[in-house]
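Listed below, chain by chain, are the residues.
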There are 2 protein chains.
Amino acid sequence: MDRPHLFPSLPSKVHTDGDFSPDETRLANRNHGILLETLRHDVTPAGMHYLLTHFDVPYVPDPETWTLNFGGQVQTPHALSLADIRALPQRTLRVTLECAGNGRSFGSPRWPSMPWGDCAVGTSEWTGTALKPLLARAGVLPSARDLVFTGADRGFDGVEHDYARSLTPAAALTGAQSDDILLVTAMNGQPLLPQHGAPLRLVMPGWYGMASVKWLTRIDAIDHAFAGHQQTGTYVYKQTSDDPGTPVTAIRVKSLMVPPGLPDWYTRKRAVTAGPVKVHGRAWSGNGVPIRRVEFACDGVWQDATLEAQASSPYAWRGWSCMWDAVRGEHNLQCRATDANGCVQPVEQRWDRNGFGNNMAQRVPVLVR
Amino acid sequence: MDRPHLFPSLPSKVHTDGDFSPDETRLANRNHGILLETLRHDVTPAGMHYLLTHFDVPYVPDPETWTLNFGGQVQTPHALSLADIRALPQRTLRVTLECAGNGRSFGSPRWPSMPWGDCAVGTSEWTGTALKPLLARAGVLPSARDLVFTGADRGFDGVEHDYARSLTPAAALTGAQSDDILLVTAMNGQPLLPQHGAPLRLVMPGWYGMASVKWLTRIDAIDHAFAGHQQTGTYVYKQTSDDPGTPVTAIRVKSLMVPPGLPDWYTRKRAVTAGPVKVHGRAWSGNGVPIRRVEFACDGVWQDATLEAQASSPYAWRGWSCMWDAVRGEHNLQCRATDANGCVQPVEQRWDRNGFGNNMAQRVPVLVR
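Computed from a predicted model, the values in this text were never measured in an experiment.

Draft legend 1. Main features of the overall build of chain A. Counting secondary structure elements, chain A contains five helices and 22 strands. Whereas a compact globule of 369 residues would reach a radius of gyration of roughly 21 Å, chain A reaches 21 Å, a difference of no more than 12%. For chain A, the C-alpha atoms occupy an extent of roughly 70 × 50 × 40 Å along the three principal directions. In chain A, which comprises 369 residues, the proportion classed as buried is 63%. Pairs at least 24 residues apart make up 71% of the contacts formed inside chain A by residues separated by at least 6 positions. Put simply, chain A shows about 13100 Å² of open surface, and 53% of that area lies on carbon and sulfur atoms. Computed over 35 positive and 35 negative side-chain charges, the inter-centroid distance for chain A is 3 Å.

Quick look at the structure:
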C-alpha cells in the first residue's frame, strides 16, 4: 500500500501486516487511547480520553482573542469572540467519542496510519452552546450545499491543508441529532485542554471523532460539495483503492471489557485467579441508538451480561457486568453488544482498506491459575 | 535479547532493531508521552504529561478509605488516612519528571520494552506534604537499611510483585533533596488523576520517574538492602547482561525543542518556510542542578540559545529560544544543554543494554521551502 508523503527523498517504510514500521510506532507514541482498566469510570478522567492529533496542537497563548467566523453562503457573515459564545445558553452533554480508526491494527493488510488497538474511545461531559441557533442567526442561504468547519491545525497529508470537515445543512439544521451538536468550551467541568481543542471545538455526538473539529476557527456555507482531504481523501469506507466508497459518519455498535486479573508488563497478557470473577465493561452505538444487549464469552460460549442504567444522555456509553466462573487454563474472553436497531458486533475483523469502522468483538486472552 | 514472560506457551516476538514488534507497539499505544509542541506551556497541561503504567491503574472508588501504612524498623508503626495527610502542612513544587527509558527507541540493539521516542517528559505543579517529618514521626530505627515505598499496582515482570521502590534513609532523611520529597495528593491545582497515582503518590524531585511511586500504600523500613524487581531487576544501568550495573537515580541533563514548521501527518517530518524562525524549547537536569547553557544547531553548526528565567523551583525545566535563519533545503536541527556541573548532552546515543538514561541531543529533520 502506498501513502503520499511530503518528502519523497526521505521515503517512509510502509508495513501492512505483522510487525510495525517506525512511522507507525511513532504515531502510537504520539497518539494515545484510554487505558482499558479506566473504563471503570463513568466519565473518562482527564488525560485518559483517546487523542488523535492529525497535525500539531495549536499554541493559543491568549484565548480571549480567539474568533469564530461565520461566512460564505449566509445572510450575515460575522465573527463571535469566545466571550460572546460563553454568554450564550450553555448545555452539558455526556458523549462517548471513538476514533474511526479504532481497531485498525487488527486488520490485514494494515493501512499505514495510527495502529490503534481497542482503546481509541472515551466519554466526557462536554459543555457548550448549541450550533443550530448560531446557524439560524447567520442565516444559511438555500444555495448552501455544505457547511465547512475549519480548525486552526494545519499540515500535510499528501496535500497541505487546514483540518476541515463538513456537514450538510440537513444534518446540522434538521437532522435527528441537530439539536445536540455543540460548540464546546469545557470538558468535565474544566476549561477545554489544549490537546482537546481549546479554546473552542465542535462536538458532533453519535459520530466518529473526525467530525468533532478541534480548534474551530471558521464555519463556512459553500455552494458545492466539500472536497477537502479530511472529507473525501480519508474517512471514507472503501473495499479497494478504486472503490468510490461511502463516507464514515455514525459510530458502529461496540463494547469493551476491563481485562480481568493481573497484567504482564511487557505482553499485557493476563493472569486470573480461578473462581467467580465479575467482569465490567462499557457498550455504545452511534446516533444515540440505545444498547439493548451485551454478551460475554469464554472460549466462544456466550452468556448475557447485565446492563446498568443508561446515563441521561443517549450518546454516552452504557455500563455492563457479567459473572464468569474462571476455570484453570488458557482462555479467550470476548464481549459483543447489540443496539436497538438490531446491529450486532461481528466476531471477525471487517475488511476496510483504510481500517475504518472496526467493531469486531474484543478478544482478551487470559491464563487462569 | 530475552525477556521473561508470564506465558511461556504464548511467546512474544522480540525485536531489537529496526521494525517494532506487536508487543512494543501495544506498549506505545498504552503509554504516552508529551506532544512536543506542548513544550510551549510552562506547566504541562493535564493529560499531556508522560505516563508509564507498569501494570494497571488501580480503581479506587472511595479514596477516603485509603491508608498509608508506616511499618518495619520504625519506633511507631501506624497508618494515616488521606484526611490525615491533607491536614498536614502543604507545599506546591514545580517538578519536571522524565521516564528513565526516554529515548530507548533510538538505541541499537533495542531492549524489548516501551519504545519511547523523545517525549517521555512533563512538568507539573505537585501539591502535598513533606515526607521527612512523617518519617521522623514514625521514628526510623538505626537498624533500617532501606525505606521501601509500595504502590497498589500489582502484576508480572518475570515475577509477580507489587510495584515498589526504595530510598536509603540517608537519601530520604539527610540528602540534599530530602526536604523536597513530597507525598502528593494534587497536580496542577486539581486532585490527582487516577493514572497519575490518585489518591496518593510519592514525588522524588530530580530523579527519573520510577522513584516517584504512584498509588502509595506502604512505607516500610527494612534491615537489609531492598532487592525488589523494580529496584534490582530493572532500572539499573548495564553495559552487558553480566554487568552488575549501577542503579538509575538522577535525571541526566537534557533539552528538547518544539519542532518548527508544519508536520506531515504520517511521517511527522516538518516543512518550514525560509527566513528567520524563532525556535522554542525546554532544558532540565537532575537533582535540581541548574541549566547553564543551551545550544542549537542546524546541520552541526552550533549557536548559543537564549535562556529564559528559571522557575522558582530548581526541579523545573528552563525555557529557551533561538533565532534560526532557515535556508531552503533539507536540514537536521539539534539542541543540547549543559548543566552547572558541566555535564553536557552527547550528540550520539549512549549505549545502555536496557535503554536507560538516554540523553542524546534531539534530532529534528526539516525541509525548508
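Moving on from the coordinates now.
Draft legend 2. Up close: the relation of the copies chain A and chain B. Each copy of the sequence occupies a distinct position, and chain A is placed on chain B by a rotation of 180 degrees and an axial shift of 0.0 Å, giving an RMSD of 0.0 Å. Such a combination of rotation and displacement between the chain copies is what one expects of a two-fold axis. When C-alpha positions in chain A are compared against the rotation axis, the closest is assigned to A:Gly47, at 1.7 Å. In this assembly, 99% of the residues forming the interface of chain A have copies in chain B that are likewise at the interface, indicating an isologous arrangement.

Draft legend 3. Summary view of the sheet that holds strand S20 (residues 318-326) of chain B. All names here are of chain B. Spatial strand order, S13-S16-S20-S19: four strands in an open sheet with antiparallel pairing. On the outer flanks of this sheet lie strand S13 (254-257) and strand S19 (306-307), each paired with one strand and no other. Note: S19 against S20, two bridges, orientation antiparallel. Its bridge partner lying in S20, Thr-306 is registered against Ser-321.

Draft legend 4. Broad picture of the nonpolar core. The biggest cluster of nonpolar side chains holds 150 residues, and the ones touching the most others in it are A:Leu131, A:Phe149, A:Met210, B:Leu131, B:Phe149 and B:Met210. With residues near it in sequence (within four places) discarded, A:Met210 still touches A:Ala100, A:Tyr163, A:Arg165, A:Tyr235, A:Val248 and A:Thr249.

Draft legend 5. The packing of helix H1 (residues 22-30) of chain A against helix H1 (residues 22-30) of chain B, seen in detail. Where H1(A) meets H1(B), the axes come as close as 6 Å, and the angle between the chain directions of the two elements is 30 degrees. The orientation of H1(A) with respect to H1(B), classified from their angle, is roughly parallel. Like other packed secondary-structure pairs, H1(A) and H1(B) cross with a definite hand, here left-handed. Across the interface between the two elements, A:Thr25, A:Ala28 and A:Asn29 from H1(A) touch B:Thr25, B:Ala28 and B:Asn29 from H1(B). Tallied by class, residues from the contact of H1(A) with H1(B) come to two nonpolar, four polar and no charged.

Draft legend 6. View of the packing of aromatic side chains. What the rule picks out here adds up to eight aromatic pairs over all chains. A centroid spacing of 6.2 Å and a plane angle of 55 degrees characterise the contact between B:Phe296 and B:Trp324, whose relative ring orientation is tilted. Taken together, the positions of B:Phe296 in strand S17 (residues 291-298) and B:Trp324 in strand S20 put the pair 28 residues apart, joining distant regions of the chain. Positioned over the ring face of A:Tyr237 is A:Arg252, at 4.2 Å from the centre of the ring.

Draft legend 7. Representation of helix H3 (residues 131-138) of chain A in the model. All names here are of chain A. If you check which residues of H3 are buried, you get Leu-131, Leu-134, Leu-135 and Ala-138. Along the axis of H3, the buried positions cluster into a sector of 100 degrees, meaning they face one direction only. Exposed residues pointing more than 90 degrees away from the buried face of H3 are listed as Pro-133 and Ala-136. Just downstream of H3 lies Gly-139, where phi reads positive at about 75 degrees.

About the criteria used
Residues numbered from 1 in each chain as written. Chains lettered and ligands numbered in written order. Predicted model: local features only at pLDDT ≥ 70, side-chain atom pairs only at ≥ 80, totals over all residues. Heavy atoms only, no water. Helix = DSSP H or I, 4+ residues; strand = E, 2+ residues; numbered from the N terminus. Rg over C-alpha atoms; globule rule 2.2 N^0.38 Å. Buried < 20%, exposed > 50% of the residue type's maximum accessible area, 1.4 Å probe, protein only. Contact = heavy atoms within 4.5 Å. Areas by Shrake-Rupley, 256 points an atom, 1.4 Å probe, with all protein chains shown as cover. Lys, Arg positive; Asp, Glu negative; His and termini not counted. Charge placed at Lys NZ, Arg CZ, Asp CG, Glu CD. Least-squares fit on C-alpha atoms with pLDDT ≥ 70 in both. Pairing = 2+ DSSP bridges. Core = buried A, V, L, I, M, F, W, Y, C linked by side-chain atoms within 4.5 Å. Axes fitted to C-alpha atoms, helices over the stretch in contact; angles between N-to-C directions. Parallel < 35°, antiparallel > 145°, perpendicular 65-115°, else oblique. Left-handed = near helix turned anticlockwise from the far one by under 90°. Nonpolar A, V, L, I, M, F, W, Y, C, P; charged D, E, K, R; others polar. Phe/Tyr/Trp six-rings, centres within 6.5 Å; stacked < 30°, edge-to-face > 60°. Lys NZ or Arg CZ within 6 Å of the ring centre and 35° of its normal. Arc of directions from axis to C-beta.

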